[in-house]
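# A closer look at the structure
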Amino acid sequence: MSRLEAKKPSLFISDPLTKDAVSQSLSLLNRILKSCYGPAGRLKQLHNGVGGYVCITSQSSAILGRLSVSHPVLKVLTASVQNHVARFSDCGLFTAILCCSLIENFKSLPVPSCTVIKISKDLLSLCTDYLKSEACGCRVSVDFSNLKTLLCLVRSVLTSKPACMLNATEVDHLTMLIVKAFMFTIPCHVETKAVLGKCVTVPVKGRRVLDSTVLPGLLIETPEIQFAKLLSVKRISSDAIKIALFCVSMSGDLFNPEEGMITVHHGISLEMSELNQLLNVGKQLVNDEVGLVVCQKVIHPSLKQYLKENQVMVVDRAGLSVMEPLSQMTGSKPIASIHSFSPSCYGSLKDVCTKSFGSKHFVHLIPNDTVVCSLVLCNRNETTWDELKRACETAEHVLQLTIKEPLALLGGGCTESHLASYIRYKTCSLSTSSFKDADYSQTQYQLIADAFCSSLESVACSLSHDDEILTDTVYGHCWLVPSGFPSVSNWSDLLSKCGCGINSNTQNLNWRLLRPHFGSPTPQSCPEEPSVKAADLLTLDCFAAKYSGLQVAVETANLILDLKCIIEDQN
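These lines cover the structure that appears in this document, whether it is placed above or below.

Reading guide: rules and limits
Residues numbered from 1 in each chain as written. Predicted model: local features only at pLDDT ≥ 70, side-chain atom pairs only at ≥ 80, totals over all residues. Heavy atoms only, no water. Helix = DSSP H or I, 4+ residues; strand = E, 2+ residues; numbered from the N terminus. Buried < 20%, exposed > 50% of the residue type's maximum accessible area, 1.4 Å probe, protein only. Axes fitted to C-alpha atoms, helices over the stretch in contact; angles between N-to-C directions. Left-handed = near helix turned anticlockwise from the far one by under 90°. Contact = heavy atoms within 4.5 Å. Core = buried A, V, L, I, M, F, W, Y, C linked by side-chain atoms within 4.5 Å. Pairing = 2+ DSSP bridges. Salt bridge = Lys/Arg side-chain N within 4 Å of Asp/Glu carboxyl O. Expected span 1.5 Å × (residues − 1). Polar contact = N/O pair within 3.5 Å; in protein donor to acceptor, adjacent residues only side chain to side chain. Parallel < 35°, antiparallel > 145°, perpendicular 65-115°, else oblique. Nonpolar A, V, L, I, M, F, W, Y, C, P; charged D, E, K, R; others polar. Phe/Tyr/Trp six-rings, centres within 6.5 Å; stacked < 30°, edge-to-face > 60°. Lys NZ or Arg CZ within 6 Å of the ring centre and 35° of its normal.

### Considering unusual backbone geometry
In this structure, methionine 165 is a non-glycine residue whose phi angle is positive, near 55 degrees. Counting through the fold element by element, methionine 165 comes out in the loop between α6 (148-159) and α7 (168-184). Take methionine 165: its relative accessible area is 48%, and that puts it in the partly exposed class. The phi angle at glutamine 311 is positive, at roughly 60 degrees, despite the residue not being glycine. Summarising the element assignment, glutamine 311 is placed in the loop between α10 (301-309) and β10 (313-315). A relative accessible area of 42% places glutamine 311 in the partly exposed class.

See the structure below:
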């Protein structure tokens, strides 16, 4: 087939970071993301040019997924951050803001990009080694025998999402529910390899947040007519309910002609043959003392009626989403054929009852051992509910990551400012002899280290959209000062606690304004570790998510700095 238009040559762009369009786009993206950061972040309304669904959010997963990015450099950056969020759920804005700040700061330096990349890798290793060390002054251990730290982690996630529109009472209520749901998913009996259960979110929109609750087991929505006709359930001798789980249609549909040809003898009705087979399945279920049949798809009305007459509860149209958790909590194996199946596929339940939330009706399946639970999540409208669902899923994932690595980092910008102080102290402590065999000068090293620290401080300063940010000279933590106050020498009159909440102004501290620019004062000593880490309301970040975000930000910035040309197909 001939082409309607002549083939266009590929577009070749050399040194893309020197182009004004790239710099302006990168700066705009950075400003957008910074304005979303933290509990006081500004909300963004996202929708396409032809209308459709409108999303109001400040979360990176929603923003980057709906933001139209055309330039290849920004596509690399956003794809890298989205990949991080897909793996860790948290710290997406931290990663993106730090990456943008690093690129902007590094490309303004009179240092070759190869030198910048090499030194920034050394600085990243300095950060990661410090974060992993026992001497780290910005991390706390998580003790699972004490829920205080877990509650702080979840509360920090929820309060950082202003589009959820939660007040303090609602935050406390949801925090308890999420931790409770997480505890439900931890198996009581572990033999060889522990597998966490699942928390299924049940949407109830148009209700108060305080109406949200957690129930052990699974809720399956059912029509009001079916809800009214639910009967008592047949139980086996051990006072448990035997359950059969079908993932195949039991509607009596005929074969799909696309699957092949079948030969039918004269006088044989395919419909009756299929219905008879379904009734035979029903007889086997009754004989095997099954008390509950759950089908992913549709069950034929005649089979439903037969099962109900024999005191077998029927739930059909359950949907694909409940199949895995239902199989996990009951021990049943989904049956994929109505022509042959073994009784070994059956599972068991402790009890079955009915629940109603608002206008919705559910069958509540209660397991013997709770590894699956249902979070009935309520919010006032669809927009805030969507944002709250993303926040709750993030909080749940943060708790799961914390099981693997029971550590947390101080939030509120304190980890970033503390790290910046630590790196400045360590790099300024290097002697001239340390650079004897290096292929870069001490001046170049100090320039890049200063740009690296300024980028970290820029993330911390992004938490303040109207107020001033200070840092103390002892711990290197962030302190928030309400705007409108003049610069004074005695800041203690205006300060109560640092950003993470671990330090108070009762200590003899000195402060300075935190300005993310080059040439900040060098700390005279290594920032200290706070002596007390048992405050009730600490702001904490997920260790695994922020640790990975730091690595992703630096590595992505280095990758973009190393771009020498872009070849783009124009066809």
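### Describing the packing of helix α4 (residues 92-107) against helix α14 (residues 442-461)
Axis angle and axis distance: for two packed helices, these are the angle between their axes and the distance between the axes, and together they describe the pair. Packing of α4 against α14 leaves a shortest axis separation of 9 Å and a crossing angle of 145 degrees. As for how α4 packs across α14, the hand of that crossing is right-handed. Here Phe94, Ile97, Leu98, Ser101, Leu102, Asn105 and Phe106 of α4 come into contact with α14, specifically with Ile448, Ala451, Phe452, Ser454, Ser455, Leu456, Ser458 and Val459.

### Topic: the nonpolar core
Membership of the largest hydrophobic core comes to 122 residues, with the highest contact counts inside it found for Leu77, Phe106, Leu131, Phe452 and Leu550. Every residue in contact with phenylalanine 106, bar those within four places of it in the chain, is listed here: Val116, Ser120, Ile448, Ala451, Phe452 and Leu561. With 22 residues, the next largest nonpolar core counts Ile220, Leu292, Leu349 and Val363 among its residues.

### Considerations on the sheet that holds strand β17 (residues 478-481)
Taken in spatial order, the 3 strands line up as β17-β16-β18 in an open sheet, and their pairing is antiparallel. Two strands bound the open sheet, and with one partner strand each, they are β17 and β18 (511-513). Neighbour-to-neighbour, the strand axes of the sheet open up by a mean angle of 35 degrees, direction not taken into account. Pairing of strand β16 (residues 468-472) with β17 involves 4 bridges; the strand directions are antiparallel. By the bridge assignment, leucine 470 is partnered in β17 with tryptophan 479.

### Quick look at the pattern of salt bridges
Enumeration according to the criterion identifies 15 salt bridges in this entry. Its salt-bridge partner being arginine 207, residue aspartate 211 comes within 3.8 Å of it at the nearest N-O pair. Across the salt bridge formed by arginine 390 and glutamate 387, the nearest N and O atoms sit 2.7 Å from each other. With arginine 390 and glutamate 387 both in helix α12 (residues 382-404) and 3 residues apart, the pair spans about one turn of that helix. Of the residues examined, glutamate 387 reaches a relative accessible area of 0% and is grouped as buried. A cluster of three or more residues bridged by salt bridges with shared partners is formed by Arg424, Asp450, Glu457 and Arg512.

### Description of α12
An α-helical segment advances 3.6 residues per turn. Residues three or four places apart therefore align on the same side. The terminal C-alpha atoms of α12 lie 34 Å apart, and with 23 residues this matches the ideal 33 Å at 1.5 Å per residue to within 8%. The N-terminus of α12 is capped by asparagine 381, whose side-chain oxygen sits 3.2 Å from the backbone nitrogen of threonine 383.

### Concerning the packing of helix α3 (residues 72-88) against helix α15 (residues 543-561)
Between α3 and α15, the shortest axis-to-axis distance is 10 Å and the interhelical angle comes to 160 degrees. The pairing of α3 with α15 is recorded here as roughly antiparallel in orientation. Relative to α15, the crossing made by α3 is right-handed. Contacts between α3 and α15 involve Val73, Val76, Leu77, Ser80, His84, Arg87 and Phe88 from the first element and Ala544, Ala545, Ser548, Gly549, Val552, Thr556, Leu559 and Ile560 from the second. Residue composition of the contact of α3 with α15, by class: 9 nonpolar, 5 polar and 1 charged.

### Some thoughts on the packing of aromatic side chains
Per the counting criterion, the structure on display carries 8 aromatic pairs. The interplanar angle of 85 degrees and the centroid separation of 5.7 Å between the aromatic rings of phenylalanine 246 and phenylalanine 341 together place this pair among those described as edge-to-face. Of this pair, phenylalanine 246 sits in strand β8 (residues 241-246) while phenylalanine 341 sits in the loop between α11 (323-330) and β11 (347-349), and the two are 95 residues apart along the sequence. Each member of the pair, phenylalanine 246 as well as phenylalanine 341, carries the same accessibility label: buried. Through pairs of rings, three or more aromatic residues link up here, namely Phe246, Phe341 and Tyr346. We note lysine 132 situated over the ring of tyrosine 547; from NZ or CZ to the ring centre the distance is 4.8 Å. Directly above the ring of phenylalanine 94 sits lysine 546, whose terminal nitrogen or CZ lies 4.7 Å from the centroid.

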